[in-house]
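Secondary and tertiary structure notes
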Amino acid sequence: MLAILGQQIFSVVFGNAPTADYPLAGMQGAVVFLVALMAWPVSARLRESEAMVRRAAVDLANLAQVSQYIVQHLRESILVVDPDDYIRLINESAAQVLGEADAVPGALLGEVSPRLLYLLSTWRGSAQLDAPLDAQTLLAADGARLIRPHFAPLGDINPSPVIVFLEDTGELASKVQQTKLAALGRLSASIAHEIRNPVGAMSHAAQLLAESPALSAEDLRLTQIMQTNSTRVSAIIDNILQLSRREAPKPQQLLLAAWVERFRAEFCATVQLPRQRLSIDTSGENVEVRIDGSQLHQIMWNLCQNAMAHALPSSGDSGIQLRYGRLGGVGRPFLQVADRGPGIAPADAERIFEPFFTRAQRGTGLGLFLARELAAANGATLLYEARDGGGSIFRIVFADPSRWNDLYS
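Now for a description of the structure that goes with this document. If you're wondering where the values come from, they're calculated on a predicted model, not measured in any experiment. (Residues numbered from 1 in each chain as written. Predicted model: local features only at pLDDT ≥ 70, side-chain atom pairs only at ≥ 80, totals over all residues. Heavy atoms only, no water.)

1. Brief notes about the pairing of strand E11 (residues 381–386)
Direction of pairing for E11 relative to strand E12 (residues 392–397): antiparallel, over a ladder of six bridges. Bridge pairing in E12 links leucine 382 to isoleucine 396. Hairpin connection of E11 to E12: five residues between the antiparallel strands, including glycine 389 at a positive phi of 90°. (Pairing = 2+ DSSP bridges. Helix = DSSP H or I, 4+ residues; strand = E, 2+ residues; numbered from the N terminus.)

Here it is in structure tokens:
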């Protein structure tokens, strides 16, 4: 308004206008003032809206950063795959499962894990998008874990991106085994000692009866059956008591080269096995592990005895092979027992570590179960796989040296 009045004065004083139209200038100024007054609340609201938009943008950016941080540091393994089978998002845990070198955003899933791509394709082709593939697993990049993937679509479009959850079956199996251990502990605490005494008495009576000169060959055979089965029951009781009384591991750092040599010498001398039938194969690296030495001895003794009893050929040069090294040359250390026997039927491979499961007539079904439990207590994993060309491999995958302080602190 002041500018309009000033313009009128300027035009009269310095211009050619004969007179100034001050009333008209006043009216124009008043109109401009009213328009400015009415626009003030609108501009104030616009400024507030702009400030809210800026705050919302900052909040969204912070929320995105927090969400990305949470996803990246979740213990659960998660990745997102787009309809073209490219990895769009993957957290640190999933990258460790699939292999950190290749599992990065933008990588093709089939190049990172062909097995996971096959399971994803099978899931996409199923009639129900939420149909579980509980029986399907894949081996982790470290070779020591079995992973079960779970899939879920992101959005309603078809095809849509898929979020993949990678579940470590070892954790679930560990919970199941803990339940079994608790049941075995209660069983051993209540009846083990009461069973041992009468079984020992029956075995002793059968031995005395076998010494009688009046027994016929048929009766003598019956006493042998009594002694054999008494020994088997005693072995079952000993294994159960061993589980219930198992002490916490006392880990120590061991060099496998020297330890395996000592173990072979002791085992061959004890069971009267020629040393050439228990060979040692090594990658040339003196691998160091951290484990309770006495419990490792117990695990290996059990595995080698199983190889002798069930898989060692009666003739020929092939026998039991001990091998140690690192998975992939730079991964977790391992020690394995391999044989050239008949192997294990595929239908039984998933059950051999269950307590009391055995196909042997005189077996207790607790040896491999106890071996796996001892390995797990030391942060290691005991795995079975069929050997190429026939036979079996039982592999102990030790704890990652980078996690020793976390496991034993």
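From this point on, the discussion continues.
2. Concerning the sheet that holds strand E4 (residues 146–153)
Pairing in this open sheet of five strands is antiparallel, and the strands run E2-E1-E5-E4-E3 from one edge to the other. Because the sheet does not close on itself, it has two edges, and the strands there are strand E2 (87–90) and strand E3 (138–139). Bridging between E4 and strand E5 (residues 162–168) involves seven bridges; their strand directions are antiparallel. Within E5, the residue paired with alanine 152 across the bridge is isoleucine 163. Relative to E4, helix H5 (residues 114–124) is tilted by about 40°, and along the sheet it contacts strand E1 (77–81), E3, E4 and E5. (Contact = heavy atoms within 4.5 Å. Axes fitted to C-alpha atoms, helices over the stretch in contact; angles between N-to-C directions.)

3. Description of the nonpolar core
Considering soluble globular proteins, one finds that nonpolar side chains tend to be buried as a cluster. Residues Leu296, Met300, Leu303, Leu335 and Ile396 are the most contacted members of the largest nonpolar core, which totals 38 residues. Elements that contribute at least two residues to this core include exactly helix H8 (256–271), strand E8 (288–291), helix H9 (293–311), strand E9 (320–326), strand E10 (333–338), helix H11 (367–377), E11 and E12. Examining the composition of this core, we find that seven residues originate from one element, H9, more than from any other. Counting residues in hydrophobic clusters, the runner-up holds 23 residues, among them Val81, Ala103, Leu116 and Ala140. (Core = buried A, V, L, I, M, F, W, Y, C linked by side-chain atoms within 4.5 Å. Buried < 20%, exposed > 50% of the residue type's maximum accessible area, 1.4 Å probe, protein only.)

4. Remarks on the pattern of salt bridges
For the structure on display, the rule yields seven salt bridges. One salt bridge in this structure joins arginine 88 and aspartate 82, with 2.8 Å as the shortest N-O distance. Residue classification places aspartate 82 among the buried positions, given a relative accessible area of 8%. A salt bridge links aspartate 281 to arginine 323; the shortest N-O distance between them is 3.3 Å. Of this pair, aspartate 281 sits in strand E7 (residues 278–282) while arginine 323 sits in strand E9, and the two are 42 residues apart along the sequence. (Salt bridge = Lys/Arg side-chain N within 4 Å of Asp/Glu carboxyl O.)

5. What about the environment of leucine 222?
As for its position among the elements, leucine 222 is in helix H7 (residues 217–244). Leucine 222 sits in the partly exposed class, given a relative accessible area of 46%. For the pair formed by leucine 222 and alanine 206, sequence separation is 16 residues and the distance between their alpha carbons is 8.9 Å.

6. Some details on the side chain of serine 160
When you line up the elements, serine 160 lands in the loop between E4 and E5. Contact partners of serine 160, with chain neighbours within four places excluded, come to Pro83, Arg124, Pro153, Leu154 and Gly155.

7. Thoughts on unusual backbone geometry
If you check the backbone angles, aspartate 85 has positive phi at about 70° while not being a glycine. Given the relative accessible area of 18%, aspartate 85 is considered buried. Even without being glycine, glutamine 272 reaches a positive phi, approximately 60°. Note that glutamine 272 resides in the loop between H8 and E7.

8. Considering the packing of aromatic side chains
The geometry of an aromatic ring pair is captured by the separation of the ring centres together with the interplanar angle, meaning the angle of the planes. Overall, the coordinates contain seven aromatic pairs when judged by the stated rule. For the pair tryptophan 123 and phenylalanine 151, a centre-to-centre distance of 5.4 Å together with 35° between the ring planes defines the contact as tilted. Highlighted residues: tryptophan 123 in helix H5 and phenylalanine 151 in strand E4, separated in sequence by 28 residues. Assigned by exposure class, tryptophan 123 and phenylalanine 151 land together as buried. Between the aromatic rings of tyrosine 384 and phenylalanine 394, the centroid separation amounts to 5.2 Å while the plane-to-plane angle is 45°, which identifies the pairing as tilted. Residue tyrosine 384 is found in strand E11, and its partner phenylalanine 394 is found in strand E12; the two are separated by ten residues along the sequence. The exposure class of phenylalanine 394 is buried, given its relative accessible area of 10%. An aromatic cluster is defined as three or more aromatic residues linked by ring pairs; in this entry it consists of Trp259, Phe263, Phe267 and Trp301. Stacked on the ring of phenylalanine 353, the Lys or Arg arginine 372 has its end atom at 3.7 Å from the ring centre. Taking the ring centre of phenylalanine 334 as reference, the NZ or CZ of arginine 395 above it sits at 5.8 Å. (Phe/Tyr/Trp six-rings, centres within 6.5 Å; stacked < 30°, edge-to-face > 60°. Lys NZ or Arg CZ within 6 Å of the ring centre and 35° of its normal.)

9. Digging into H11
Among the eleven residues that make up H11, eight are buried, leaving the element largely enclosed by the rest of the structure. Among the residues making up H11, those that are buried are Gly367, Leu368, Phe369, Leu370, Ala371, Glu373, Leu374 and Ala375. Immediately beyond the C-terminal end of H11, within one or two residues, lies glycine 379, with a positive phi of roughly 75°.

10. Topic: the side chain of arginine 332
With respect to the helices and strands, the residue arginine 332 is situated in the loop between E9 and E10. At a separation of 2.9 Å, a polar atom in the side chain of arginine 332 contacts the main-chain carbonyl oxygen of phenylalanine 398. (Polar contact = N/O pair within 3.5 Å; in protein donor to acceptor, adjacent residues only side chain to side chain.)

11. Some remarks on the pairing of E1
In terms of residue burial, E1 counts as a mostly covered element, since five of its five residues are buried. Burial along E1 is two-sided: Ser77, Leu79 and Val81 facing one way and Ile78 and Val80 facing the other are all buried. Two elements, E1 and E5, share five bridges in a ladder whose sense is antiparallel. Among the inter-strand pairings, valine 81 is bridged to a residue of E5, identified as valine 162. Linking E1 to E2, which pair antiparallel, is a turn of five residues; within it aspartate 85 sits at a positive phi near 70°.

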